[in-house]
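So the chains spell out like this:
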Amino acid sequence: MVIKLYGHPRSVCTTRVAIVLYQKEIPYELITIDFANAEHKSPAFKEKQPFGQIPYLEDNGFIVFESRAICRYLAMKYKDQGPRLLPDFNNLHATALFEQALSIEVANFDAYAMPAVLENVIKKMRGQTPNPEVFNALIEELDAKLKGYEVILSKQKYLAGNEITLADLNHLPYGALLLVAGSDILSKQGPNFSRWWNELLALDSWKAVSQGVPEKSNF
Ligand SMILES: N[C@@H](CCC(=O)N[C@@H](CS)C(=O)NCC(=O)O)C(=O)O
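Every value quoted in this text rests on a predicted model; they were computed, and no experiment measured them.

Asks: Would you explain the UniProt feature "domain: GST C-terminal" (unreviewed entry) in the protein in this entry?
Replies: The sites that UniProt annotates as "domain: GST C-terminal" (unreviewed entry) are residues 96–219. The straight-line gap between the two end C-alpha atoms of residues 96–219 is 34 Å; of that span, 66% is helix and 0% is strand.

Asks: Is there a simple way to think about the side chain of Ser-205 in this case?
Replies: With respect to the helices and strands, Ser-205 occurs in helix H9 (residues 204–209). In this structure Ser-205 comes out as buried when scored by relative accessible area, which is 5%. Discounting residues that sit within four places of it in the chain, Ser-205 has contacts with Ile-19, Tyr-22 and Gln-23.

Asks: Just checking my understanding: could you explain helix H3 (residues 67–77) for this structure?
Replies: Since the α-helix advances by 3.6 residues per turn, residues separated by three or four positions end up pointing in the same direction. If you check which residues of H3 are buried, you get Ser-67, Ile-70, Cys-71, Leu-74 and Ala-75. One side of H3 carries all its buried residues, which in axial view fall inside an arc of 135 degrees. Close packing links the buried residues of H3 with strand S1 (3–7), helix H1 (12–23), strand S3 (56–59), strand S4 (62–65) and helix H6 (166–169).

Asks: Where do I start with the domain arrangement of the protein in this structure?
Replies: Quoted interface sizes are often the accessible area lost when the parts come together. For the protein, the domain assignment lists domain 1 (3–85) and domain 2 (92–205). When each unit is reduced to the centre of its C-alpha atoms, the spacing between domain 1 and domain 2 is 21 Å. With twelve residues of domain 1 at the contact, the number on the domain 2 side is 17 residues. Between domain 1 and domain 2, roughly 1300 Å² of surface is buried when both sides are summed, and carbon and sulfur atoms account for 66% of that area. Taken together, the links from domain 1 to domain 2 amount to five salt bridges. In this structure, Arg-16 and Glu-105 form a salt bridge, with 3.9 Å as the shortest nitrogen-oxygen distance. The interface formed by domain 1 and domain 2 holds six residue pairs in polar contact (both at pLDDT 80 or more) in total.

About the cut-offs
- Residues numbered from 1 in each chain as written.
- Predicted model: local features only at pLDDT ≥ 70, side-chain atom pairs only at ≥ 80, totals over all residues.
- Heavy atoms only, no water.
- UniProt positions renumbered as here; feature names shortened; annotations may be inferred.
- Helix = DSSP H or I, 4+ residues; strand = E, 2+ residues; numbered from the N terminus.
- Buried < 20%, exposed > 50% of the residue type's maximum accessible area, 1.4 Å probe, protein only.
- Contact = heavy atoms within 4.5 Å.
- Arc of directions from axis to C-beta.
- Domains from an automatic or database assignment.
- Buried area = accessible area lost by both parts, 1.4 Å probe.
- Salt bridge = Lys/Arg side-chain N within 4 Å of Asp/Glu carboxyl O.
- Polar contact = N/O pair within 3.5 Å; in protein donor to acceptor, adjacent residues only side chain to side chain.

Encoded structure:
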């Protein structure tokens with residue numbers, strides 16, 4: 001049975017998973033959750049995803065949620081298909097650097113980019129008023145963190161080493177939304193960050209999903 005991704009075409013975390021589906025050309029079907037009518041808060045949905053959040057993935061009856069965990073599941077299950085996106089887990093140092101890179105995205109990027117997008121994009125969608133002070137403070141803090149990225153990326157091509165991994169791809173959905181939120185901070189970084197970020201934006205997998213995750217794959 002084809003993999004079912006329960007989410008929404010415009011959801012950030014659904015998009016994070018879809019990038020991996022396209023990187024690895026894994027056939028899938030997107031089951032769109034009626035977010036506007038809070039289907040994700042229904043008892044039936046919470047039976048699958050107890051926190052009432054999208055996305056979750058169903059693979060032959062197996063259910064997994066949390067977008068980064070879903071990406072890891074897909075990369076491991078389809079490790080011999082398409083780009084590897086994972087380190088060599090027999091190599092202790094490569095594994096440690098991969099875990100480090102995953103944590104960098106969560107602690108030094110998402111921690112600022114996500115609330116910044118919430119402030120200037122999601123609040124507006126909900127009819128609430130964004131607070132420019134909150135937004136500007138988050139962007140300032142993110143800017144400081146990105147200096148660390150420049151140091152890392154001046155020594156290696158990607159965040160975990162010289163091969164692209166999930167740690168790089170995980171940045172894309174919120175990173176791209178920063179521009180929609182009104183910040184061009186990602187285009188004002190050093191040369192190595194710019195090289196890395198522009199390469200991610202140019203990926204076919206990103207182009208396939210960035211304007212909305214298609215309902216079905218055509219591979
Ligand atoms: N850490 C979760 C976050 C999921 C998440 O925040 N999803 C949003 C949509 S992009 C959602 O369902 N928001 C509704 C809510 O949190 O109540 C993941 O990575 O999957």
